[in-house]
Amino acid sequence: MLGQSESLDVTIVGGGMITNDLLLPSLYHLQRTGIIGKIDVCALSTPPLTALKDNQEFHEAFPGQDFTPYPSLGEAPDETFPELYKEVVAAMAPGNMVVVAMPDNLHFEVVMHALHHDQNVLCVKPLVLKYEQAVEIEKLAAERGRLVGVEYHKRFDRRSLVARRAYALGQFGAFVMGEAKLIEPYYYRFSNFQNWFTCDRTDPFTYIGCHYVDLVYFITGLKPVAVSVYGVKGRFPNGNEAYLWSHGRVTWENGALLSVTNGLGYPDAAAGSNDQGLVMYCEGKDQTGLIFHDDHYRGVAYSNVEGSGPGGSLYNYVSPDFFRLVPWEGPGYRPIGYGYESVEGITRSIHRIENETSGLAPEVALARRRQLISEVDTKGLIATPANSYINELVVEAARASVLQDATPVRIVYGDHPHTQID
Ligand SMILES: NC(=O)c1ccc[n+]([C@@H]2O[C@H](COP(=O)([O-])OP(=O)(O)OC[C@H]3O[C@@H](n4cnc5c(N)ncnc54)[C@H](O)[C@@H]3O)[C@@H](O)[C@H]2O)c1
């Protein structure tokens, strides 16, 4: 609890893929640095929690470290506990951190619940699916003086940070035409995605296209003003219908266009684990500029003699940039990469804000926390409801568009930003 050990207690709500692949190992490492205290993990039922407990890599990387599971592992695997996270969060001392890592459509209620209980929040992207919900979150967070950080980890990739600075220095000219692509593996279709990645709830543009839309905004500062998304439907193995592929076109305030291709279909047999990248052409004086990010092949390829890549392939492109557990001077292994640095960046900001204000009188502490949070908003490195609401407008527009066969949806700014079909 903060104020005693000066570390943050954490409750992760959601025990699925992103918790396993990124959040829990990042938080375990922060726990051994003293930034994080106790870790609780809530899931809908026990199977994901058992899988996290049994993850051998965690035992090797973080010897002796553990989390408390909710529900407890003695409960029947087929029993569900959709409301349990509410009790666990309500029992936390104020000013700690709730990590929201459940399906997109459930983020809003968990974030609001955490804020009502005076917690800071790290939420996986997209924050919410409606702009008005982001406004509600922003309002409550400001009222309580608690930070909500949206975990858009591509912002912490060094190539994004370098491009952001160079673009601001005018080294490319003005963005005019671009292409972004993120195709997740085919094997995702066999995962828990079957249960929630349905046409009525989400689509590939909303799920992963949002990363690159956010990145173009992060690099250029330009706002998107129109979105059109066409979805290609298919069925998951359990029969649920989903948009398995999507093609989006985003128009920016200066007239620039970004084409966004997404899907759940990168071949399992291909060099994994997915396919992704960004190309941006820019107009300069008497010449054009270019930003080219190959985020798929980052210059490292392994052909294994034992074990295999994520989709079962032996030959793989390996990204040392996103998230890897590597040897270090301390016990086990440590996480490296922009995925870790993103979780660390948000967690350290929350830790710093809470520590700087923990000894102050309540009203003084609240005023100071608000001031520190507005500095984070202004800096614009960590996505917050105040500085990245364009993402909610884009997602809202994309959902309306994809459900109406790619109808163009405009984003109108001003005093009351909103989306609109003409
Ligand atoms: N690149 C990225 O930034 C990235 C990558 C993957 C996922 N995500 C995001 O992370 C979120 C979760 O994705 P995932 O891949 O881990 O999904 P997943 O389906 O693997 O896991 C979802 C988890 O939520 C839990 N859950 C559902 N309802 C719950 C409830 N009422 N109480 C407690 N737990 C509940 C389930 O038990 C499950 O453990 C999504 O919003 C997704 O968009 C982001």
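Predicted model only: the values in this text are computed from it and were never measured. (Residues numbered from 1 in each chain as written. Predicted model: local features only at pLDDT ≥ 70, side-chain atom pairs only at ≥ 80, totals over all residues. Heavy atoms only, no water.)

**Quick notes on the overall build of the protein**
Counting secondary structure elements, the protein contains 12 helices and 18 strands. For 422 residues, the compact-globule estimate of 2.2 N^0.38 gives 22 Å, and the C-alpha radius of gyration of the protein, at 21 Å, lies within 12% of that figure. Projected onto its principal axes, the C-alpha positions of the protein cover 60 × 60 × 45 Å. In the protein, which comprises 422 residues, the proportion classed as buried is 54%. Look at the contacts in the protein between residues 6 or more apart in sequence, and 70% of them connect residues 24 or more apart. (Helix = DSSP H or I, 4+ residues; strand = E, 2+ residues; numbered from the N terminus. Rg over C-alpha atoms; globule rule 2.2 N^0.38 Å. Buried < 20%, exposed > 50% of the residue type's maximum accessible area, 1.4 Å probe, protein only. Contact = heavy atoms within 4.5 Å.)

**Concerning the site of the ligand**
Taken together, the neighbourhood of the ligand is formed by 26 residues, with Met17, Asp104, His107, Asn192 and Trp196 sitting nearest. One of the backbone nitrogen or oxygen atoms of isoleucine 18 is found 3.0 Å away from an oxygen atom of the ligand. Residue proline 82 places a main-chain N or O atom 3.1 Å away from a nitrogen atom belonging to the ligand. With the chains in place, 92% of the 840 Å² that the ligand exposes on its own is no longer accessible. (Near = heavy atom within 4 Å. Polar contact = N/O pair within 3.5 Å; in protein donor to acceptor, adjacent residues only side chain to side chain. Areas by Shrake-Rupley, 256 points an atom, 1.4 Å probe, with all protein chains shown as cover.)

**So, the sheet that holds strand 9 (residues 241-252)**
Strand order in this open sheet of 8 strands is 12-11-7-10-9-8-17-18, and the pairing throughout is mixed. On the outer flanks of this sheet lie strand 12 (288-294) and strand 18 (418-420), each paired with one strand and no other. Across the sheet, the mean angle separating the axes of adjacent strands is 15° when strand polarity is ignored. Pairing analysis gives 11 bridges linking strand 8 (residues 224-235) to strand 9, with the strands arranged antiparallel. Its bridge partner lying in strand 9, valine 229 is registered against glycine 248. (Pairing = 2+ DSSP bridges. Axes fitted to C-alpha atoms, helices over the stretch in contact; angles between N-to-C directions.)

**Considerations on helix 2 (residues 46-54)**
Listed in full, the buried residues belonging to helix 2 are Thr46, Leu49, Leu52 and Lys53. Seen along its axis, helix 2 keeps its buried residues to an arc of 120°; they face one direction. Buried residues in helix 2 make contact with helix 1 (17-33), strand 2 (36-42), helix 3 (56-61) and strand 3 (68-70). (Arc of directions from axis to C-beta.)

**With respect to the pairing of strand 15 (residues 324-327)**
A regular strand carries its side chains on alternate faces of the sheet. As defined by bridge partners, strand 15 adjoins strand 16 (residues 333-336) across 4 bridges and the pair is classed as antiparallel. Pairing of arginine 324 across the sheet is with isoleucine 336, part of strand 16. If you look at the hairpin formed by strand 15 and strand 16, you'll find 5 residues sitting between the two strands, and glycine 332 has a positive phi there, around 60°.

**Describing the environment of valine 250**
In this structure, valine 250 sits in strand 9. Sequence separation of valine 250 and lysine 223 is 27 residues, and the distance between their C-alpha atoms is 10.0 Å. Apart from residues lying up to four places away in sequence, valine 250 is in contact with Phe205, Val213, Pro224, Ala226, Ala256, Leu257, Leu258 and Val260.

**Here's the deal with empty space enclosed by the protein**
Applying the stated rule across the entire model yields 2 cavities of 30 Å³ or more. Counted as a void, the largest cavity has a volume near 50 Å³. Tyr28, Leu52, Lys53, Phe58, His59, Phe62, Gln65, Asp66 and Phe67 are the residues that line the largest cavity. Sorting the residues of the lining of the largest cavity by element identifies helix 2 and helix 3 as the ones contributing at least two each. (1 Å grid on protein atoms, 1.4 Å probe; cavity = no way out; pocket = protein on both sides within 12 Å on 5 of 7 lines; lining within 4 Å. Points joined across faces, edges and corners; volume = space filled by probe spheres on them.)

**Side note on a nonpolar patch on the surface**
Judged by side-chain polarity, Met177, Tyr281, Leu290 and Phe292 come together as a nonpolar surface patch covering roughly 430 Å² of accessible area. Along the polypeptide, tyrosine 281 turns up in strand 11 (residues 275-283). You can call tyrosine 281 partly exposed: its relative accessible area is 42%. (Patch = residues over 30% accessible without salt bridge, like charges linked within 9 Å, V, L, I, M, F, W, Y side chains within 5 Å. Salt bridge = Lys/Arg side-chain N within 4 Å of Asp/Glu carboxyl O.)

**Things to note about the side chain of histidine 351**
With respect to the helices and strands, the residue histidine 351 is situated in helix 10 (residues 338-357). Sequence-distant contacts of histidine 351, defined by excluding residues within four places in its chain, comprise Glu6, Ser7, Leu8 and Ile35.

**Topic: the sheet that holds strand 1 (residues 8-13)**
Spatially, 6 strands are ordered 3-2-1-4-5-6 in an open sheet, and the strand pairing comes out parallel. Edge strands, defined here as strands with exactly one partner in the open sheet, are strand 3 and strand 6 (148-151). For this sheet, the mean angle separating the axes of adjacent strands, direction not counted, is 20°. Where helix 1 meets the sheet, it contacts strand 1, strand 2, strand 4 (97-100), strand 5 (120-124) and strand 6, and its direction lies at approximately 160° from that of strand 2.

**Some thoughts on the pattern of salt bridges**
Scanning the model with the defined rule gives 19 salt bridges in all. Here aspartate 66 ties to lysine 53 by a salt bridge, and the two come within 2.8 Å at their closest N and O atoms. Separated by 13 residues along the polypeptide, aspartate 66 in the loop between helix 3 and strand 3 and lysine 53 in helix 2 bring together distant segments of the chain. Residue aspartate 66 is classed as partly exposed on the basis of its relative accessible area, which comes to 45%. For arginine 159, the salt bridge is made with aspartate 295, and the minimal N-O distance between the two is 3.0 Å. You can see arginine 159 sitting in helix 7 (residues 158-168) and its partner aspartate 295 sitting in the loop between strand 12 and strand 13 (301-303), a full 136 residues away along the chain.

**Overview of the side chain of glutamine 65**
Here glutamine 65 is to be found in the loop between helix 3 and strand 3. The buried category is assigned to glutamine 65, whose relative accessible area is 18%. Polar contacts involving the side chain of glutamine 65 include one to the side chain of glutamine 31, which spans 2.8 Å. Ignoring sequence-local partners within four residues, the contact set of glutamine 65 consists of Tyr28, Gln31 and Arg32.

All quantities given are derived from atomic positions and should not be read as evidence of function.
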